[in-house]
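One letter stands for each residue in the lines below.
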Amino acid sequence: MPHDQHPAQAEAVEAPALPAPEPDGTPTGVWSTGTGRGDDGALRVAGLDVRDLAREHGTPAYVVDEADLRTRARAYATAFAEAFAPEAGLAGADVYYAGKAFLSVAVARWVHEEGLRVDTATGGELAVALRAGVPGEAIGLHGNNKSDAELTTALEHGVGRVVVDSLPEIERVAAVAERLGVVAPVMVRVTTGVHAGGHQFIATAHEDQKFGLSLTSGAARKAVDEILARPGLDLIGLHSHIGSQILDLAGFEVAARAVLGLRAEVAAQTGHLMPEVDLGGGYGIAYTGHEGPAPTPAQIATTLADVVRRTCAELGTPVPRISVEPGRSIVGPSTLTLYTVGTVKDVALDDGGRRTYVSVDGGMSDNIRPALYEAEYTAALASRASDAEPVRARVVGKHCESGDIVVHGVALPGDVHDGDLLAVPATGAYGRSMASNYNLVPRPPVLAVRDGAARVLVRRETIEDLLALDEG
Ligand SMILES: Cc1ncc(COP(=O)(O)O)c(C=O)c1O
Ligand SMILES: N[C@@H](CCCC[NH3+])C(=O)O
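Residues numbered from 1 in each chain as written. Chains lettered and ligands numbered in written order. Predicted model: local features only at pLDDT ≥ 70, side-chain atom pairs only at ≥ 80, totals over all residues. Heavy atoms only, no water.

- By the naming in an unreviewed UniProt entry, the chain goes by Diaminopimelate decarboxylase and is assigned to Georgenia thermotolerans.
- Among the UniProt annotations of the chain, the heading Pathway (unreviewed entry) holds the following wording: "Amino-acid biosynthesis; L-lysine biosynthesis via DAP pathway; L-lysine from DL-2,6-diaminopimelate: step 1/1."
- The UniProt entry for the chain carries the following comment under Sequence similarities (unreviewed entry): "Belongs to the Orn/Lys/Arg decarboxylase class-II family. LysA subfamily." (UniProt positions renumbered as here; feature names shortened; annotations may be inferred.)

So this is what it looks like as structure tokens:
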């Protein structure tokens with residue numbers, strides 16, 4: 001959707017009230033559940049005043065509410081365990097946290113402690129999950145172009161699954177498995193043709209893109225047959241991931257039916273009944289409060305359980321063990337980015353109105369999503385309360401690009417000035433993980449806050465770090 005049709009763009013709207021509402025006990029709001037305002041009006045996260053955080057750690061900074069993140073992870077584990085229980089006529093489920101959304105050693109440990117496994121997409125993510133002590137069998141490896149080194153590390157550590165993404169990869173995984181003398185558990189990533197997601201760059205199951213093996217062209221079936229012919233590979237299941245930031249669960253149902261259909265066809269024709277099916281991640285979250293309700297883990301689990309039960313009954317096949325891979329919906333709302341306001345500029349608009357450009361000390365290097373996907377965010381004055389008349393504001397970064405926008409349209413108090421702290425909520429997913437050093441800006445730290453205390457999960461980069469990479 002073009003920006004100018006979005007309410008947050010056309011009309012500057014106020015950030016949703018604090019703290020986030022929790023309709024059914026599951027946090028679903030824009031702000032983490034531990035975020036609120038103190039008596040003097042300054043924002044607090046998990047009992048800590050953001051002014052203290054800024055004083056001690058500087059800005060910009062990503063601030064993770066640990067309890068919120070853990071609650072979301074636990075909510076997935078519980079919801080899927082309940083919905084897919086044998087008593088419900090199903091064969092159990094595993095939830096893999098998609099580390100691409102944001103991974104650090106502490107976060108990998110937290111989600112594992114809360115009952116999740118970890119989905120990795122590169123050797124870097126794999127290394128962090130292993131460093132966190134996540135056992136190999138609780139780790140999955142994705143990627144459309146895995147290197148031999150990545151495959152070797154994965155199989156040496158006994159990962160639970162390698163998700164095969166192309167026909168040539170089958171040979172490569174088999175060769176590494178043979179060299180190591182192991183049998184590799186593999187899944188086939190199937191492109192189901194379901195087009196879903198918030199932006200074309202984050203939809204992943206339509207035909208004309210790089211991921212997976214097409215169901216309709218027969219490539220997925222070919223991959224299945226090639227894997228079955230290799231004793232060094234154990235075909236444990238099929239995988240489908242249809243996109244990201246999806247708020248409507250209908251696409252998942254269509255995709256689930258498609259992969260369950262292929263599983264049944266393979267079982268009927270080859271006698272190999274794959275024990276597992278992975279239905280991917282992609283569940284959307286609230287960024288501005290205007291995008292419609294985000295599905296809760298319980299809604300997702302019961303919807304998927306229902307479609308798996310019904311489809312397998314129709315197909316006459318036993319139900320598989322199910323897995324899912326949420327990333328954004330676990331880490332996204334747990335985190336806000338804290339910025340300091342620098343310059344404030346009032347600009348006359350063609351429509352006769354005015355817009356206040358509020359520049360902060362970060363921007364597209366710590367959050368590329370508005371520039372890359374036209375993603376919408378909101379913001380709130382964090383260091384104080386103000387009852388000044390709101391102005392139509394745009395929060396922008398400090399980079400040399402006019403598209404360096406953090407929040408397209410938000411109502412901020414008209415007395416916003418330099419030195420104020422601004423908080424942008426729901427930046428935990430694909431913020432730090434997609435951060436860059438554009439304009440040689442060092443990347444911000446990730447701070448975890450819990451019970452009134454903060455600790456650094458990932459330290460701030462320094463100019464010295466950047467100079468150290470430069471061989472001169
Ligand atoms: C294969 C796969 N699994 C899981 C995810 C996680 O998606 P999300 O963070 O939207 O839940 C992605 C990213 O879209 C993905 O590509
Ligand atoms: N990076 C994307 C999501 C893609 C996830 C990986 N398939 C985003 O910020 O929305």
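The discussion continues.
**Some remarks on the overall build of the chain**
At step 1: Scanning the chain from terminus to terminus reveals 13 helices and 21 strands.
At step 2: Radius of gyration (C-alpha) of the chain: 23 Å, near the 23 Å computed for a compact globule of 472 residues.
At step 3: Seen through its C-alpha atoms, the chain measures out along the principal axes to roughly 70 × 55 × 45 Å.
At step 4: When each of the 472 residues of the chain is scored for burial, the buried share is 56%.
At step 5: For the chain, contacts bridging at least 24 residues in sequence account for 71% of all contacts bridging at least 6.
At step 6: The chain carries 40 positive and 62 negative side-chain charges, and their two centres are separated by 2 Å. (Helix = DSSP H or I, 4+ residues; strand = E, 2+ residues; numbered from the N terminus. Rg over C-alpha atoms; globule rule 2.2 N^0.38 Å. Buried < 20%, exposed > 50% of the residue type's maximum accessible area, 1.4 Å probe, protein only. Contact = heavy atoms within 4.5 Å. Lys, Arg positive; Asp, Glu negative; His and termini not counted. Charge placed at Lys NZ, Arg CZ, Asp CG, Glu CD.)

**Let's talk about the site of ligand 2**
At step 1: Inspection of the region around ligand 2 gives 8 residues, with Arg328, Arg369, Tyr373, Tyr430 and Met434 positioned closest.
At step 2: The side chain of arginine 328 places a nitrogen or oxygen atom 2.6 Å from an oxygen atom of ligand 2.
At step 3: In the model, an oxygen atom of ligand 2 is placed 2.5 Å from a nitrogen or oxygen of the arginine 369 side chain.
At step 4: Here ligand 2 has 310 Å² of accessible area as a free molecule, and 86% of this is covered by the chains. (Near = heavy atom within 4 Å. Polar contact = N/O pair within 3.5 Å; in protein donor to acceptor, adjacent residues only side chain to side chain. Areas by Shrake-Rupley, 256 points an atom, 1.4 Å probe, with all protein chains shown as cover.)

**Things to note about the pattern of salt bridges**
At step 1: Here the structure, examined in full by the defined rule, presents 30 salt bridges.
At step 2: With a closest N to O distance of 2.5 Å, arginine 51 and aspartate 40 form a salt bridge. One end of the pair, arginine 51, is in helix α2 (residues 50-57); the other, aspartate 40, is in the loop between β1 (35-37) and β2 (43-45), with 11 residues separating them in the sequence.
At step 3: We classify aspartate 40 as partly exposed; its relative accessible area is 45%.
At step 4: We note a salt bridge from glutamate 226 to lysine 222, for which the minimum N-O separation is 3.2 Å. (Salt bridge = Lys/Arg side-chain N within 4 Å of Asp/Glu carboxyl O.)

**Things to note about the packing of helix α3 (residues 66-83) against helix α10 (residues 297-315)**
At step 1: Between α3 and α10, the shortest axis-to-axis distance is 8 Å and the interhelical angle comes to 30°. Taken as axis vectors, α3 and α10 run roughly parallel relative to one another. Once α3 is placed against α10, the crossing between them reads as right-handed. Contacts between α3 and α10 involve Ala75, Tyr76, Ala79, Phe80 and Ala83 on the former and, on the latter, Pro297, Ala298, Ile300, Ala301, Thr302, Leu304 and Ala305.
At step 2: In the contact of α3 with α10, the residues fall into 11 nonpolar, 1 polar and no charged. (Axes fitted to C-alpha atoms, helices over the stretch in contact; angles between N-to-C directions. Parallel < 35°, antiparallel > 145°, perpendicular 65-115°, else oblique. Left-handed = near helix turned anticlockwise from the far one by under 90°. Nonpolar A, V, L, I, M, F, W, Y, C, P; charged D, E, K, R; others polar.)

**As for the side chain of threonine 59**
At step 1: Here threonine 59 shows up in the loop between α2 and β4 (61-65).
At step 2: Threonine 59 gets classed as buried once you look at its relative accessible area, which sits at 17%.
At step 3: A distance of 2.5 Å separates the side chain of threonine 59 from the side chain of aspartate 361, its partner in a polar contact.
At step 4: In contact with threonine 59, other than residues within four places in its own chain, are Ala54, Leu338, Tyr339, Thr340, Asp361, Leu421 and Arg460.

**Re the nonpolar core**
At step 1: One finds Phe80, Phe84 and Tyr97 to be the most contacted residues of the largest nonpolar core, which totals 87 residues.
At step 2: Every residue in contact with phenylalanine 84, bar those within four places of it in the chain, is listed here: Leu90, Ala91, Gly92, Ala93, Ala301, Leu304, Ala305, Val308 and Ile322.
At step 3: Grouped together as the second largest cluster of nonpolar side chains are 21 residues, Val360, Ala375, Ala379 and Val424 included. (Core = buried A, V, L, I, M, F, W, Y, C linked by side-chain atoms within 4.5 Å.)

**Digging into the side chain of histidine 399**
At step 1: Tracing the backbone shows histidine 399 in the loop between β17 (390-396) and β18 (405-413).
At step 2: For histidine 399, a relative accessible area of 7% translates into the label buried.
At step 3: Once residues within four sequence positions are removed from consideration, histidine 399 is found in contact with Gly362, Gly363, Met364, Ser365, Asp404, Tyr438, Asn439 and Val441.

**Some details on the environment of threonine 270**
At step 1: Summarising the element assignment, threonine 270 is placed in helix α9 (residues 250-270).
At step 2: When the C-alpha positions of threonine 270 and leucine 215 are compared, they lie 17 Å apart, and in sequence the two are 55 residues distant.
At step 3: The residues contacting threonine 270, other than those within four sequence positions of it, are Arg221, Asp225 and Leu228.
At step 4: At 2.7 Å, the side chain of threonine 270 and the backbone oxygen of valine 266 are in polar contact.
At step 5: Within the structure, the side chain of threonine 270 is placed 3.0 Å from the backbone nitrogen of histidine 272, a separation counted as a polar contact.

**Re the sheet that holds β2**
At step 1: With antiparallel pairing, 3 strands are arranged side by side in an open sheet as β1-β2-β3. With partners counted over all chains shown, the strands left at the sheet margins are β1 and β3 (48-49), one partner each.
At step 2: Where β1 meets β2, 3 bridges bridge the pair, whose relative direction is antiparallel. Note that in β2 the partner of glycine 36 across the bridge is arginine 44. (Pairing = 2+ DSSP bridges.)

**Looking at the UniProt feature "domain: Orn/DAP/Arg decarboxylase 2 C-terminal" (unreviewed entry) in the chain**
At step 1: Under the present numbering, the feature "domain: Orn/DAP/Arg decarboxylase 2 C-terminal" (unreviewed entry) in UniProt falls on residues 336-428.
At step 2: Along residues 336-428 one finds 5% helix and 46% strand; the C-alpha atoms at either end are 7 Å apart.

**Details of the pairing of strand β14 (residues 335-348)**
The side chains of a regular strand alternate between the sheet's two faces.
At step 1: The pairing of β4 with β14 spans 4 bridges and is antiparallel. Following the sheet pairing, valine 63 is matched in β14 by leucine 336.
At step 2: Of the strand pairs in this sheet, β14 and strand β19 (residues 421-425) are connected by 5 bridges, and their pairing is antiparallel. From the neighbouring strand, leucine 338 faces β19, where its bridge partner is alanine 423.
At step 3: Bridge count for β14 against strand β15 (residues 354-360) is 6 bridges, and the pairing is antiparallel. Considered in β15, the bridge of valine 344 is made with valine 358.

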